[in-house]
Amino acid sequence: MLGLSFTAPDARVWSYVIEATGKFSESGVFVLKPDSLYVRAIDPSRTAMIEFYIPKEAFESYEPITERTVYLSMEDLSKILKSAGRSDKLTMSFSEDSIRIEFSDGVVTRMFKMPLRLEIAHEEIPSLEIEYPNKYVVGGDVLHEALASIEKVGDVLKISGDESTLKLESVGDLGEAEVILSLERGVLREAEVRNPGFEVSYSIDYLSYMKKPIKSSDEVVVLVGSDLPICLELRFPSGSKLSYYVAPRTE
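Residues numbered from 1 in each chain as written. Predicted model: local features only at pLDDT ≥ 70, side-chain atom pairs only at ≥ 80, totals over all residues. Heavy atoms only, no water.

**Student:** An account of the sheet that holds strand β7 (residues 89–94) is requested, with residue identities and associated values reported.
**Tutor:** Strand order across the open sheet formed by 5 strands is β5-β1-β7-β8-β9, with antiparallel pairing between neighbours. Each edge of the open sheet is held by one strand with a lone partner, namely β5 (61–62) and β9 (109–115). Pairing of strand β1 (residues 4–8) with β5 involves 2 bridges; the strand directions are antiparallel. If you follow F6 over to β5, its bridge partner there is Y62. Sheet contacts for helix α1 (residues 11–22): β1, β7 and β8 (98–104); angle to β7, the most-contacted strand, approximately 65 degrees. Lying over the sheet, helix α2 (residues 74–81) contacts β7, β8 and β9, oriented at roughly 25 degrees with respect to β8. (Pairing = 2+ DSSP bridges. Helix = DSSP H or I, 4+ residues; strand = E, 2+ residues; numbered from the N terminus. Contact = heavy atoms within 4.5 Å. Axes fitted to C-alpha atoms, helices over the stretch in contact; angles between N-to-C directions.)

**Student:** How would you sum up the sheet that holds strand β3 (residues 36–42)? Please name residues and give values.
**Tutor:** A sheet is described by the order of its strands in space; here 9 strands give the open sequence β6-β2-β3-β4-β18-β17-β16-β10-β14, paired in antiparallel fashion. Each edge of the sheet is formed by a strand with only one pairing partner; in this case those strands are β6 (68–73) and β14 (188–193). Ignoring which end each strand starts from, the neighbouring axes of this sheet average 15 degrees apart. Against the sheet, α2 touches β2 (27–33) and β6, its axis set at about 80 degrees to β6.

**Student:** So what's going on with the packing of aromatic side chains? Which residues, and what values?
**Tutor:** If you walk through the whole model with that rule in mind, you get 13 aromatic pairs. Measuring from ring centre to ring centre gives 6.0 Å for F52 and F236, while their planes differ by 65 degrees; the resulting arrangement is edge-to-face. Linking F52 in strand β4 (residues 48–55) with F236 in the loop between β17 (230–235) and β18 (241–246), this pair joins segments that are 184 residues apart in sequence. By relative accessible area, which is 3% here, F52 ends up buried. Where Y206 meets Y209, the ring centres are 5.5 Å apart and the plane angle is 65 degrees; that geometry is what we call edge-to-face. Given the relative accessible area of 22%, Y209 is considered partly exposed. (Phe/Tyr/Trp six-rings, centres within 6.5 Å; stacked < 30°, edge-to-face > 60°. Buried < 20%, exposed > 50% of the residue type's maximum accessible area, 1.4 Å probe, protein only.)

This is the structure we're talking about:
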């Protein structure tokens with residue numbers, strides 16, 4: 001037995017994060033440390049990368065004593081986590097060859113067992129240290145609504161901004177659509193801009209993958225700059241943080 005288990009109070013957040021990750025990466029890694037847990041994954045083309053950090057204090061119970069690394073199929077795990085209910089807690093227990101997954105709403109407990117696929121191919125996931133010139137802070141619900149309102153128009157998302165506004169523009173065969181998030185109107189919570197007038201494009205699909213985690217977050221820190229990967233830093237009330245990177249499009 002690996003002797004690893006944890007109970008998270010909000011199974012839905014885990015379901016949203018793993019489902020989103022499975023859309024661009026077949027496998028991921030759980031790094032369980034005595035004081036925290038990391039879920040990390042990268043897509044084969046290295047266009048997108050995710051790191052979900054959960055401090056020990058965010059769990060109802062957390063038992064790893066020494067550091068362990070477990071590679072998992074995001075697709076298989078997502079299929080199970082999709083059954084999470086609105087008020088469910090999530091418990092995951094790891095053995096040498098399987099994971100036991102439990103959902104409990106305080107009345108009914110549902111249990112699943114998933115084999116560990118030791119043959120899963122995986123690659124080294126880099127640590128990114130990027131100095132961003134521009135930082136915007138927006139509510140998770142606001143960013144979710146902004147993406148949902150323009151994602152169907154085109155396959156390219158152009159992002160630009162200045163000291164007081166962040167503009168999201170979808171461009172495609174149907175035409176163009178844009179959303180302007182303004183500091184003056186209170187839509188943006190913060191704006192720290194050292195590179196006003198920047199403009200950079202991304203594949204809108206990769207940003208849309210994160211809509212559910214974005215909606216469930218407290219706020220999102222948008223880190224962006226010309227020719228740089230965008231970083232969406234989702235912050236949750238529990239103290240957990242999800243960092244999602246998407247590389248810019250090259251014409």
